[in-house]
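Residues per chain are reported as follows:
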Amino acid sequence: MPETLFSCLHELDLFYARIKNDKKFKKELAFYYNEYAGRPTLLYFAKNLSKNLGMKIYLKREDLLHTGAHKINNSLGQALLAHHMGKKRIIAETGAGQHGVSAATVSRLFGFECDVYMGEEDIRRQRMNVFRMKILGARVIPVKTGSRTLKDACNEAMRDWVTNVRGTYYLIGSTFGSHPYPMIVRDFQSVIGKEARRQILNKEKKLPDYLVACVGGGSNAMGIFYPFYNDKKTKMIGVEAGGINRNLNSASLNFGEPGVLHGAKTYILQDKFGQVKATHSVAAGLDYPGVGPEHSFYKESGRAKYVTVDDKEAIEGFKSLSELEGIIPALESAHAIAYLRKLAKKAKGSLVVVCLSGRGDKDLEIVEGYLNK
Amino acid sequence: MLQNFIRMTIKEKFNELKKQGKKAFIAYIPFGFPTVKATKDIILTLQKAGVDIIELGIPFSDPIADGPVIQEATSIALTRGANTHNLFSLLFSLKKDIKIPIALMTYYNPVFKFGVEKFFNNMVRSGVSGMLTVDLPIDESREYLKNARKLGIETIFFVTPVTPKERAKAVVEASSGFVYYISVTGITGTRDISYVSIAKHLKEIKKMTNLPLCVGFGIHSKKQVEEVQKISDGAIVGSAIVKFIKENSFKKDFLKLLESYIRSLKPN
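Residues numbered from 1 in each chain as written. Chains lettered and ligands numbered in written order. Predicted model: local features only at pLDDT ≥ 70, side-chain atom pairs only at ≥ 80, totals over all residues. Heavy atoms only, no water.

Draft legend 1. Region of the structure containing the overall build of chain A. Tallying secondary structure elements over chain A gives 16 helices and 12 strands in all. Against the compact-globule benchmark of 21 Å for 373 residues, chain A has a radius of gyration of 19 Å, which places it among compact chains. Its C-alpha atoms put chain A at 55 × 45 × 40 Å along the principal axes. Scored against the burial criterion, the 373 residues of chain A give a buried share of 64%. (Helix = DSSP H or I, 4+ residues; strand = E, 2+ residues; numbered from the N terminus. Rg over C-alpha atoms; globule rule 2.2 N^0.38 Å. Buried < 20%, exposed > 50% of the residue type's maximum accessible area, 1.4 Å probe, protein only.)

Okay, here's the thing in structure tokens:
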């Protein structure tokens, strides 16, 4: 991290440590989760999908949340932090637009000025989300440098933050970046896993054999994994975006190497000189060359396994959940769904909980285009 | 000993300047812009024009501390093939012709990928003594400093207008060569600001160390250079020079124009 951001990060670290266990803060956050966002979300037993694959599959319905994705859990938490810190302006980076939408949404609630950085390439492929942000009063600032996708939006957001460090709060959308962000985002997203654990014990009287979630920056996955960390018998599988092939993907944990990006040391897709690679995935929200550092730890310690699903398989997953359960998943979440088919080959009869991180309305045009080709 | 390969160190340069009663004029240019080949001539021209220290930027795909001018230049350098290997080839080839100290300015990942120890060894072999790693905070620099100290590499760290007192003390303690004072809360890029406002903070930092204190970011005129040199030990000019290179490198007499431009920025 550039030196200019240090005192800001330190201030946030101290502030968060003080406020996170504060009863009033927790009550306020619970209010927004329950009365505004729509928590707790359902843990749905997907009968048809389960029968089709020969496993017992439960879907954690983050797609049913207000704004249609798990992003709102983190945005509400951080907005509350920013509010208590007295900040007046929020900036955010966004890939698919879901985090941008959630940042714009919470800015309306708390009266912040909101600027969202989005790569030009992403603006083109997620038009509806761009318009949603604008209607929600945010300014969408196109990023025309680099690969013009999520990592470049992060770069611009960081440049803005370095320049406006005193009055602006940077609302990071996933578990990447410099400490304390990966921790803060994980903590706010862990409401997913906490609920799911309670719910599965209630319904099945036992813990799941597998947890499956898609991994881009890693927030929904860490959110569902973390509360099960000590349940050693529960295996965790993170599904990364295999994109088109070995050279054109966003699977940092599978095909990347340790490096430093955006203030975190983690697995990064980079060339032999340490230049960060341009990535690809049909799912804009997974299109990031790095991954949350905690996932790197889970991989190296063996707590979780990380696999890939390519664009084609993800589209199949999108279709199959729609056809079997009448639920249209986000393309990001479709990666997790698609992996189930592979998991079924070796885990017949297992109890599986999948994090359905978002709904797929935003992706209908993309899938249509893909299927027409 | 490896030490013999390093030409004049930054420390030695500042001692020399002090004896002459002069302040430092430091120029930043990105390696490989407009081309790897052109960098050699540009470096020699800067030396000819009387630059005291050259900061050579290593292009990185995600330069989060840089503004549009340097972003664009480093991006072009990357597409035209600038990398860590040809950087060291160039530096090695310049060993005999360069008399002034060179410091490499970089983000951490390219160094980490290359191997920090290997990188520092290459620096020593090419006679480069200074290192500025923009996104490496002192808190994460233990291995880095250990390797640097072993080889005599001068590690320049940053103090900003928002750096708290205790931290500034730790930063200057980790530093060698000089301490880089970033004059604005912001990214690189020319600005029409007065540097008088930072004089007070500079005075406080100066009390913490014997190291020279140099100011950078935003400087683009002789007046600003003079202002800055009055309140510190040196002025660092980056984006303004990069902009000049961008706008003139295709001209036939480019190197002559560059020399005049540099001279026009330096106080008499």
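Draft legend 2. Representation of the packing of helix 5 (residues 98-110) of chain A against helix 7 (residues 127-135) of chain A in the model. All names here are of chain A. One can describe the packing of helix 5 onto helix 7 by two numbers: an axis separation of 9 Å at closest approach and a directional angle of 10 degrees. Between helix 5 and helix 7, the angle is such that the two are roughly parallel. Facing helix 5, whose interface residues are Q98, G100, V101 and A104, helix 7 presents N129, R132 and M133. Classifying every residue of the contact of helix 5 with helix 7 by side-chain character gives three nonpolar, three polar and one charged. (Axes fitted to C-alpha atoms, helices over the stretch in contact; angles between N-to-C directions. Parallel < 35°, antiparallel > 145°, perpendicular 65-115°, else oblique. Contact = heavy atoms within 4.5 Å. Nonpolar A, V, L, I, M, F, W, Y, C, P; charged D, E, K, R; others polar.)

Draft legend 3. Quick peek at the interface of chain B and chain A. Across the contact, 35 residues belong to chain B and 31 residues belong to chain A. Between chain B and chain A lies a buried interface of about 2800 Å² when both sides are counted; carbon and sulfur atoms form 55% of it. For the chain B face of the interface with chain A, the top three residues by lost area are D62, I64 and K113 of chain B, together amounting to 24%. Our enumeration of links across chain B and chain A arrives at three salt bridges. (Buried area = accessible area lost by both parts, 1.4 Å probe. Salt bridge = Lys/Arg side-chain N within 4 Å of Asp/Glu carboxyl O.)

Draft legend 4. Spotlight on helix 7 of chain A. All names here are of chain A. For helix 7, the complete set of buried residues consists of N129, V130 and M133. The buried residues of helix 7 occupy an angular sector of 105 degrees when the element is viewed end-on, so they sit on one face. If you follow the buried residues of helix 7, they end up packed against strand 3 (89-94), helix 5, strand 4 (113-119), helix 6 (120-125) and strand 5 (139-143). Just beyond helix 7, the residue with positive phi is G137, at close to 80 degrees. (Arc of directions from axis to C-beta.)

Draft legend 5. Representation of the nonpolar core in the model. The biggest cluster of nonpolar side chains holds 186 residues, and the ones touching the most others in it are L81 and F225 of chain A together with L104, F119, F120 and Y180 of chain B. For L81 of chain A, the contacting residues outside a window of four places in its chain are L12, F15, Y16, I19, F25, Y169, I184 and F188 of chain A. Formed by 37 residues, the second largest nonpolar core is a distinct cluster that contains L53, A241, L331 and A344 of chain A. (Core = buried A, V, L, I, M, F, W, Y, C linked by side-chain atoms within 4.5 Å.)

Draft legend 6. The packing of aromatic side chains, seen in detail. Scanning all chains against the criterion turns up 23 aromatic pairs over all chains. Among the aromatic residues, ring-to-ring pairing joins F14, F158, F178, Y180 and F217 of chain B into one connected group. A cation sits over an aromatic face here: K299 of chain A above Y267 of chain A, 5.2 Å from the ring centre. The ring of Y229 of chain A has R303 of chain A sitting right over it, with the charged end atom 5.8 Å from the ring centre. (Phe/Tyr/Trp six-rings, centres within 6.5 Å; stacked < 30°, edge-to-face > 60°. Lys NZ or Arg CZ within 6 Å of the ring centre and 35° of its normal.)

Draft legend 7. Structural detail: the environment of R303 of chain A. Residues and elements named next belong to chain A. Considering the arrangement of structural elements, one finds R303 in the loop between helix 13 (293-301) and strand 11 (304-310). Residue R303 is classed as buried on the basis of its relative accessible area of 11%. Between the alpha carbons of R303 and M236 there is a distance of 7.0 Å; along the sequence they are 67 residues apart. Apart from the residues lying within four places of it in its own chain, the contact partners of R303 are F228, Y229, D231, K232, T234, M236 and Y298. At a separation of 3.1 Å, a polar atom in the side chain of R303 contacts the main-chain carbonyl oxygen of T234. (Polar contact = N/O pair within 3.5 Å; in protein donor to acceptor, adjacent residues only side chain to side chain.)

Draft legend 8. Examining the pattern of salt bridges more closely. Residues and elements named next belong to chain A. Counted by the stated rule, this structure contains 36 salt bridges over all chains. Residue K60 is joined to E195 by a salt bridge in which the shortest nitrogen-to-oxygen separation is 2.8 Å. Of the two residues, K60 sits in strand 2 (residues 56-61) while E195 sits in helix 10 (residues 191-204), which places them 135 residues apart along the sequence. Assessed through its relative accessible area of 6%, E195 is described here as buried.

Draft legend 9. Quick peek at the state of the cysteines. Residues and elements named next belong to chain A. What the rule picks out here adds up to zero disulfides over all chains. Cysteine C8 shares no disulfide, and the gap to the nearest cysteine sulfur, in C154, comes to 16 Å. Taking relative accessible area as the criterion, C8 reaches 8% and is therefore assigned buried. (Disulfide = S-S within 2.5 Å.)

Draft legend 10. Quick peek at the sheet that holds strand 2 (residues 53-57) of chain B. Residue and element names in this part refer to chain B. Taking strand neighbours across the sheet as the criterion, the nine strands line up as 5-4-3-2-1-9-8-7-6 in an open arrangement whose pairing is parallel. Pairing within the sheet leaves two strands with one partner each, and these edge strands are strand 5 (154-156) and strand 6 (158-159). Alignment of strand 8 (residues 213-216) against strand 9 (residues 234-237), held across two bridges, turns out to be parallel. Within the sheet, the bridge partner assigned to C214 lies in strand 9 and is G234. (Pairing = 2+ DSSP bridges.)

Draft legend 11. Local environment of the pairing of strand 8 of chain B. Burial along strand 8 of chain B is two-sided: L213 and V215 of chain B facing one way and C214 and G216 of chain B facing the other are all buried. With helix 10 (residues 222-231) of chain B bridging strand 8 of chain B and the parallel strand 9 of chain B, this β-α-β connection has right-handed handedness. (Right-handed = clockwise from strand over helix to strand, strands pointing away.)

Draft legend 12. Highlighting unusual backbone geometry. Here the bond from H179 of chain A into P180 of chain A is cis, since omega is 10 degrees, no more than 30 degrees from zero. Counting through the fold element by element, P180 of chain A comes out in the loop between strand 6 (168-170) and helix 9 (181-189). Omega for the bond connecting F33 of chain B with P34 of chain B falls within 30 degrees of zero, at 0 degrees, which places this linkage in the cis form. For P34 of chain B, the location among the structural elements is in the loop between strand 1 (24-30) and helix 2 (36-48).

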